[in-house]
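# What the coordinates show
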Amino acid sequence: MTGFTDTQQLITAWLDMLWAERGVSEHTRSAYGRDLRAFAAFCEGAGKDLGQIAREDILTYLGTRHAAGQSARSSARALAALRSFYRHCLRQRLIEHDPVALVDNPKIPKPLPKSLSERDVEALLEAPDIETPIGLRDRAMFELLYACGLRVSELVELSMSQLNLRQGVVRVYGKGSKERLVPMGQAAERWLERYLRSARPQLLAMGESDACFPGRSGNAMTRQTFWYRIKHWAKVAGIEKPLSPHTLRHAFATHLLNHGADLRVVQLLLGHSDLSTTQIYTAVARARLQSLHGEHHPRG
């Protein structure tokens, strides 16, 4: 591979092409420019320019990034910049072989699901104003969601025929219409009975609906509406941690494992078809235990 006569001019031309022909955002364009110039500086330190490197040089560069504590996500972006640059050079016939072609992308670990502490969950559960029909409905929804680990879509689409208060279970239809029976627990059962006895009839007024948790119109609540309700009551409870629509589902799984539940039991309750999907919660529980150890142990 022969060297480039003007590396900086070539980088500028490539960045201009990203903007003019591919519509790359200025943010991405700027990040790619930094990544490529950093690699050019690395090459210069090895006595080479961008036109003289091989696959092994790129692997060495990625290794130095890892040793310096750079994240896999950051290295993946840097490699994406190199991949785009050398493909451009290949199309322009500035090089004969693409040195990035046989370099695998760094494995990016899946982010751990966001969860809440048991204290935060208690604060969220107690936030709704249960003296109003809407507040009592929201309290019953939160209790059921946390007690059963339901997906938000499973909760808002719940019909009266899926409840069995006598046996204390909910019949849930999950992804792929897979059916599972989930115990609701005494606390959720009590709140659900109170809601069904007093608040639900007021929400339905003169209408009829099989929806367990109707909105103001009497129809089943949408996921977006329920997400708004969670954010509203989290603000009332003073919870400043980032939330997602599945926050209580994640808390359900994490807290079960924290208290010694078997992973396969949690898998069945969540409706996961693959145990590996459930195993991510063991990492959340382990991270929580490590945090508690570091905070409270005299040698943590």
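This section reports on the structure supplied with the text. (Residues numbered from 1 in each chain as written. Predicted model: local features only at pLDDT ≥ 70, side-chain atom pairs only at ≥ 80, totals over all residues. Heavy atoms only, no water.)

If you walk through the whole model with that rule in mind, you get 11 salt bridges. Between aspartate 138 and arginine 229 there is a salt bridge, and its shortest N-O distance comes to 2.8 Å. Note that aspartate 138 is positioned in helix α6 (residues 133-148) and arginine 229 in helix α9 (residues 223-236), a separation of 91 residues in sequence. As far as burial versus exposure is concerned, aspartate 138 and arginine 229 are alike and both buried. Salt bridges linked by common partners bring Asp16, Glu26 and Arg29 together as one network. (Salt bridge = Lys/Arg side-chain N within 4 Å of Asp/Glu carboxyl O. Helix = DSSP H or I, 4+ residues; strand = E, 2+ residues; numbered from the N terminus. Buried < 20%, exposed > 50% of the residue type's maximum accessible area, 1.4 Å probe, protein only.)

Right, let's talk about the environment of leucine 102 for a bit. Looking at the secondary structure, you find leucine 102 in the loop between α4 (72-91) and α5 (118-126). Remark: the alpha-carbon pair of leucine 102 and arginine 55, spanning 47 residues in sequence, is separated by 7.3 Å.

In this section: the packing of aromatic side chains. Ring pairs (aromatic) are described by centroid distance and by the angle formed between their planes. Per the stated rule, a full pass over the model turns up eight aromatic pairs. With 5.8 Å between their ring centres and 75 degrees between their planes, phenylalanine 142 and phenylalanine 226 make a pair best called edge-to-face. Within this pair, whereas phenylalanine 142 is found in helix α6, its partner phenylalanine 226 is found in helix α9, the two being separated by 84 residues in sequence. For phenylalanine 226, a relative accessible area of 1% corresponds to the buried category. (Phe/Tyr/Trp six-rings, centres within 6.5 Å; stacked < 30°, edge-to-face > 60°.)

Let's shift gears to the packing of helix α2 (residues 26-45) against helix α3 (residues 55-67). Viewed as axis vectors pointing N to C, α2 and α3 meet at an angle of 105 degrees, and their least axial separation amounts to 11 Å. Classified by the angle between their axes, α2 and α3 sit roughly perpendicular to one another. Residue-level inspection shows Asp35, Ala38, Phe39 and Phe42 of α2 in contact with α3, the latter providing Asp57, Ile58, Thr60, Tyr61 and Thr64. Looking at the contact of α2 with α3 residue by residue, the classes come out as five nonpolar, two polar and two charged. (Axes fitted to C-alpha atoms, helices over the stretch in contact; angles between N-to-C directions. Parallel < 35°, antiparallel > 145°, perpendicular 65-115°, else oblique. Contact = heavy atoms within 4.5 Å. Nonpolar A, V, L, I, M, F, W, Y, C, P; charged D, E, K, R; others polar.)

What follows deals with the sheet that holds strand β2 (residues 169-173). A sheet is described by the order of its strands in space; here three strands give the open sequence β1-β2-β3, paired in antiparallel fashion. Of all strands in the sheet, those bounded by a partner on one side alone are β1 (163-164) and β3 (179-183). (Pairing = 2+ DSSP bridges.)

This brings us to helix α8 (residues 185-204). At leucine 196, α8 shows its strongest bend, of approximately 45 degrees. Every buried residue of α8 is listed here: Ala188, Glu189, Trp191, Leu192, Tyr195, Leu196, Ala199, Arg200, Leu203 and Leu204. Among the structural elements, α6 and β1 are those in contact with the buried residues of α8. Alanine 205, located one to two residues past α8, shows a positive phi value of around 55 degrees. (Bend = angle between axes of the 7 residues up to and from the residue.)

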